[in-house]
Structures are given as C-alpha cells and as structure tokens.
Amino acid sequence: MSDQTVLHVKGRVLAGPDDVRDELWVVGGRISYDRPAGARDVRTVEGWTLPGLVDAHCHVGLGAHGPVGDDVAEKQALTDREAGTLLIRDAGSPSDTRWTDAREDLPKIIRAGRHIARTRRYIRGYAHEIEPEDLVAYVAREARRGDGWVKLVGDWIDRDLGDLSACWPADAARAAITEAHRLGARVTAHCFAEDSLRDLVEAGIDCVEHATGLTQELIPLFAERGVAIVPTLVNIATFPKLAEGGEARYPRWSAHIRRLHERRYDTVRAAHDAGIPVYVGTDAGGTLPHGLVAAEVAELVTAGIPAAQALSATTWGARAWLGRPGLDEGAPADLVVYESDPRADVRVLAAPRRVVLAGNIVS
C-alpha cells in the first residue's frame, strides 16, 4: 500500500471494551476517526476490528538450545504477526533483536534483556548464570540493555533437594529490584513454585510469569501491591509431559509439577477474581512454537475469566500496561480485523481476516 493510499476500516471498531465505533481511517500509517478530505485512493476493509494483539511473554531469537540466527528470529516474528500479535514483550532472550526495529513489517518488541538466573539453575544457553552477590550488577546491565523491563529466574529445580526452590535470597532480590526501579525498569520473574513469591513481591517486583504457585494466602498480597501475572497456560499444559520425563530422577519435583498443573485454572481464576491484573503470554520460543496467542486467550476463558476481560488482557488492557497505544487518534495503525465479534467467541482470534501493521495490510 503506497503512502498516498487511505485505508477505510469499517464495520465495528472495538476501540475499547465499552467504546465501539463504526469506522476509522488510516492516513500516512496512523489512525484517524475523521474522514480525510479529498481522499481518492481508498482501500476498504470490513469486519470486527481490535488493536494488534499483545503477547506479553514471548521469546523472539530464542530456540531450544539458546540463541538462533536472524533468519530464524524473523520467521518467529512473522509467525506471531500472522496470528495477529503485533506487540511483543520479549521476556528474556540471549539474541540481539534490535535489527527488527527498522522493519515496519515485523511486530514491535519490548525487550527485557537476557534472563538472569542462578548458576546451573536454568536451561543451558538461555541466561546469565550468576550468584547473588552479582545480581545487582547484572540487573543494572540488563535494565540498560532492555526496553524498560528486566527478567529474573525466580525459582528452578534444586538438584540437591530434588524439587523447585527459590533462587535468590530476599535481601539480594530487594537490592536488585530497587536498582532496576532506580534505572527506570520494571522487573518480572519466572516463578513456577510457591516459595519465591512472597520475597519477590515484598521486594517490589512488578510482575510474575507463570505464577502457578500462587496460593490463597499470597493472593491478597499480590492484589494489594498490584503485581501482575502472565499465566502462560499454553505452556503450563506441558507440565504432565515434563513430570513424566523427570519421574525417575526427580519424583518429588514431578509430583509438585503435577499438582501445579491440576490447579492451574483455579489459580488463575482466583487471581482474577481478587483483582490481580492478568495478561496474555504464550512463552513462545525455546520449546514452544510461535503464533499461540489465540489459544492462550481461549485458555483464560476456560479458566473462568470473562471473554471481554480475556480480550482486554491481549488488547486494550495489555497495551495500557505496557505503555503502548491502541486504536487511539493519531496512533500507529496496528490492528487486526475479524469475521465476527470476538467478544461473543474468542476463538475467532485464531482466524484473522486482515492484519494491518504500521498502516499496511500485511496479511
């Protein structure tokens, strides 16, 4: 589409959960709700329109064994784009994906730098593996490298215990999170189990990934502090297979993982009902394929979150949380058009009719 082409998007434009409009215009790659004067080269798209979807836990540039080449990273990003994901919070990657910023045809990425993990307590090739005395320095490094986020590995299997356990002493976590905030970055952490959560929340953490260990005792603390969770339920679905694979060597860990899986929907529903912010993330990259955002929204609905709020977790609410515009006047035209109302059935998200990125129809 040329710079002179005007895009007319009509039907039902879901500019917000309670803000439904009949049409919008795309002029010079930006959104307008006023018909442009003298527009001649007009292309029309019709349907139900949402802001570009958000995957708030995604790893572009990460493969099963660590960093991947730019060609593979490009395919990952394009797969997400075809699924309607136009904004990604990359929750940890060892790859430098800054080159994607110059590509208007690829989703926009908000980076959290590289994972920071305890020595020998994470997937090999993914993270900086350090000890607590170095945590503040590495958090400062990744705060400067990222786009306003830092990613910690809050817990992982302790081979001596044979089970999940917290990676960081409370004082080290507090000092590191304080340093990140001083540098203007928010902090999130991978947490499967229960025992790391209180220390991290009391240390001032902003978000927890997975949060399968969230308990009734901890939920009020999360709600009081406004700590968000990104449940990645499409990833948690793999727990039974992981448990089976680890049964012989780590039976205690396997049993724990199974328990976390069994109560996953109850955990997410209880968090939502208590007012904890919940956002959509797929954990794509590593071992999971990209393009799973629609499946994750459907999982949130299965967990008991109302459809409109599950949609907000990947659109209006998620964009506001990440400080990015939606279908606002003058905003970049990043939007997805569907055949029918996604509020009536979120499964329609799996079949975008049109994807518009930076004002251009890319799918």
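Quick look at the structure, then. (Residues numbered from 1 in each chain as written. Predicted model: local features only at pLDDT ≥ 70, side-chain atom pairs only at ≥ 80, totals over all residues. Heavy atoms only, no water.)

Quick word on helix α7 (residues 239-246)
For α7, the complete set of buried residues consists of F239, A243 and G246. In an axial view of α7, the angular spread of the buried residues amounts to 70 degrees, which keeps them on one side of the axis. For α7, the exposed residues lying more than 90 degrees away from the buried face are K241, E244 and G245. The secondary structure elements touched by the buried residues of α7 are α6 (233-236) and α8 (251-262). (Buried < 20%, exposed > 50% of the residue type's maximum accessible area, 1.4 Å probe, protein only. Helix = DSSP H or I, 4+ residues; strand = E, 2+ residues; numbered from the N terminus. Arc of directions from axis to C-beta. Contact = heavy atoms within 4.5 Å.)

So, the layout of surface pockets
Computed from the structure, the largest pocket encloses a volume of approximately 950 Å³. The wall of the largest pocket is formed by 32 residues, among which I123, W156, L242, W253 and T287 lie closest to the centre. Elements supplying a minimum of two residues to the lining of the largest pocket: β13 (155-158), α7 and α8. Considered class by class, the residues forming the lining of the largest pocket number 14 nonpolar, 10 polar and 8 charged. (1 Å grid on protein atoms, 1.4 Å probe; cavity = no way out; pocket = protein on both sides within 12 Å on 5 of 7 lines; lining within 4 Å. Points joined across faces, edges and corners; volume = space filled by probe spheres on them. Nonpolar A, V, L, I, M, F, W, Y, C, P; charged D, E, K, R; others polar.)

Structural notes on the state of the cysteines
All told, the structure shown has 0 disulfides when counted by the stated rule. Left without a disulfide partner, C58 is nearest to the cysteine sulfur of C207, which lies 15 Å away. What makes C58 buried here is its relative accessible area of 0%. Residue C191 stays outside any disulfide, its sulfur separated by 8.5 Å from that of C167, the closest cysteine. Given a relative accessible area of 0%, C191 falls into the buried group. (Disulfide = S-S within 2.5 Å.)

Some words on the pairing of β13
With 4 bridges joining them, β13 and strand β14 (residues 163-166) adopt antiparallel strand pairing. Each bridged residue has a counterpart across the sheet, and for W156 the counterpart in β14 is S165. Hairpin remark: β13 followed by β14, antiparallel, with 4 residues in the connecting loop; positive phi at G162, about 75 degrees. (Pairing = 2+ DSSP bridges.)

Digging into the sheet that holds strand β1 (residues 6-16)
With respect to topology, 7 strands assemble into an open sheet ordered β3-β2-β1-β4-β18-β19-β20, the strand pairing being mixed. The strands lining the two open edges of the sheet, one partner per strand, are β3 (30-32) and β20 (360-361). Bridge count for β1 against strand β2 (residues 19-27) is 7 bridges, and the pairing is antiparallel. The residue of β2 that forms the bridge with V13 is R21.

So, the environment of R120
If you trace the backbone, R120 turns up in the loop between β10 (116-118) and β11 (128-130). In this structure, the C-alpha to C-alpha distance between R120 and I157, residues 37 residues apart in sequence, is 9.5 Å. In contact with R120, other than residues within four places in its own chain, are E129 and R159.

Observations concerning the pattern of salt bridges
Across all of its chains, the model carries 24 salt bridges by this definition. The salt bridge partner of E202 is R198, with a shortest N-O separation of 3.4 Å. With E202 and R198 both in helix α4 (residues 197-202) and 4 residues apart, this pair spans about one turn of that helix. Residue E202 is classed as partly exposed on the basis of its relative accessible area of 32%. The salt bridge involving R343 is made with D341; its shortest N-O contact spans 3.0 Å. Judged by relative accessible area, R343 falls into the partly exposed class, the value being 30%. Residues participating in the shared-partner salt-bridge network are R98, D101, R111 and D147. (Salt bridge = Lys/Arg side-chain N within 4 Å of Asp/Glu carboxyl O.)

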